[in-house]
Every structure is written in C-alpha cells, then in structure tokens.
Amino acid sequence: MPSPTDASRTRRAPRRDALRNDTIVIQAARAVFAEQGPQASMEAIAARAGLGVGTIYRRFAGKDALLDAIAQTFVQEMDQAAETALADPDPAHGLERFLDFVGAFNAEKRRYAAALIDRVASDEVSARTSERVHQLTQAAVDARALAPHVTAHDIKALIVAMRAVVAVSPDGDDTAWRRFLRLHLTGLRTTH
C-alpha cells in the first residue's frame, strides 16, 4: 500500500496534457519573444500556442516564470549540443558544428537575450556543458585541428564575442556571425 507521501507525490505530478501544453507554450513563447522581445504579451503567446491565456497562467504565473522555463530549456539544449559535438568522430567537425549551433542559438534569442542572462544559473547542467566544451577543445587540439596553445577559455571567449556580433547584426542576417566564426576558427587552426 502506498504511503501518504507517495500518494501526494502522485497527485502532484503534472498530467500528460499539461506537460504537452508546457512544451507548446514554451515553443510559442520562444517564437513570440524572438519576434517582439520580452515585452510581448501573454495574449500573443497564447494566440501563437493556440491555447487560452488562462491555460498558460495555470502553469506559468507570468512572463517571469515563462522566461525562467525558457532559460532552463536553453541550458539543456546547449548541453545536448555539446554532448552531440563531443560524440562526433571528427573533433574539428564536432567543434565547428557546436559553434554553428551556438551562433544560431544566439541569433534566435537576440531580442530577449538580456531578459534571459540572469535567469541562466550556474547549475550542474551548465558545469557539465563547460566541461564538455573543454573536452571538445582538447579533442580538437589532440587531433591537430586546433593549434596546440588553444584552450577552452579561447573557445568560450569566441562564444562571448559571437554573441556580441549577433547582437549588433541586422535581424535575420547570419552573415556577420558566420563570417566572424570562420575567420576566428582559421586563426585558431594556425600554428605560430
């Protein structure tokens, strides 16, 4: 017989339709925030999701809660991209694929990146991603795809710089950050 604690946990678990709605809401919010920035209304998000505003408020107390959920999703996606890149048998390709993901990722959230920065906590997932970037960089160095003096700090600095390039680029124009990335990767491959 389940204990009262087990029964209360079971009752508190979100229903399948609530979890599905969460995913729909988060995807809709990402799209709306990407177009309108963090000032977008909950009504616009509800319309994009095809749900009533009340449904959203039952799961997310407001935009802050929704932005928190989006930030957590971003942290998980970044970690997954680093894991996928690390599994690539070609370290150079894996690193480039990861950095392309980071550029596109930053381009998607450029209108609301400032609203997310403080929400992305240094948690276990972020620490794991950082370690994966270190491993990815070292694998590329070991494969001689990067110069021997290149470190994970250099790659992390490149990521920060790419974010800045994305921020000053016209909407929808990936040309500048892609060019910036290719130039810097060429420089990191050059031995002196």
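Structure first, text after, so check above.
Criteria and cut-off values
- Residues numbered from 1 in each chain as written.
- Predicted model: local features only at pLDDT ≥ 70, side-chain atom pairs only at ≥ 80, totals over all residues.
- Heavy atoms only, no water.
- 1 Å grid on protein atoms, 1.4 Å probe; cavity = no way out; pocket = protein on both sides within 12 Å on 5 of 7 lines; lining within 4 Å.
- Points joined across faces, edges and corners; volume = space filled by probe spheres on them.
- Helix = DSSP H or I, 4+ residues; strand = E, 2+ residues; numbered from the N terminus.
- Phe/Tyr/Trp six-rings, centres within 6.5 Å; stacked < 30°, edge-to-face > 60°.
- Buried < 20%, exposed > 50% of the residue type's maximum accessible area, 1.4 Å probe, protein only.
- Contact = heavy atoms within 4.5 Å.

Engineer: Whenever I open this one, the layout of surface pockets confuses me. Can you help?
Structural biologist: Unfilled space is identified by rolling a water-sized probe across the atoms. For the largest pocket, the calculated volume is near 660 Å³. Taken together, 22 residues line the largest pocket, and the ones lying closest to its centre are M78, V120, S126, I159 and R163. Those elements that place two or more of their residues in the lining of the largest pocket are α5 (63-87), α6 (91-108), α7 (113-117), α8 (124-142) and α9 (152-168). The element that contributes the greatest number of residues to the lining of the largest pocket is α8, accounting for 5 residues.

Engineer: Looking at this model, I keep getting lost on the packing of aromatic side chains. Mind explaining?
Structural biologist: Between two aromatic rings, the relevant description is the distance of the centres plus the angle of the planes. Under the criterion given, the structure shown has 4 aromatic pairs. With 5.4 Å between their ring centres and 45° between their planes, F33 and Y112 make a pair best called tilted. Of this pair, F33 sits in helix α2 (residues 16-36) while Y112 sits in the loop between α6 and α7, and the two are 79 residues apart along the sequence. Considered together, F33 and Y112 belong to a single accessibility category, that of buried residues. Seen in terms of ring centroids, F74 and F105 are 4.8 Å apart; in terms of plane orientation they differ by 75°. Their pairing is edge-to-face. Taken together, the positions of F74 in helix α5 and F105 in helix α6 put the pair 31 residues apart, joining distant regions of the chain.

Engineer: Is there a simple way to explain the side chain of R132 in this structure?
Structural biologist: Tracing the chain through its elements places R132 in helix α8. In this structure R132 touches D79, A82, E83 and L86, once residues within four positions along its chain are discounted.

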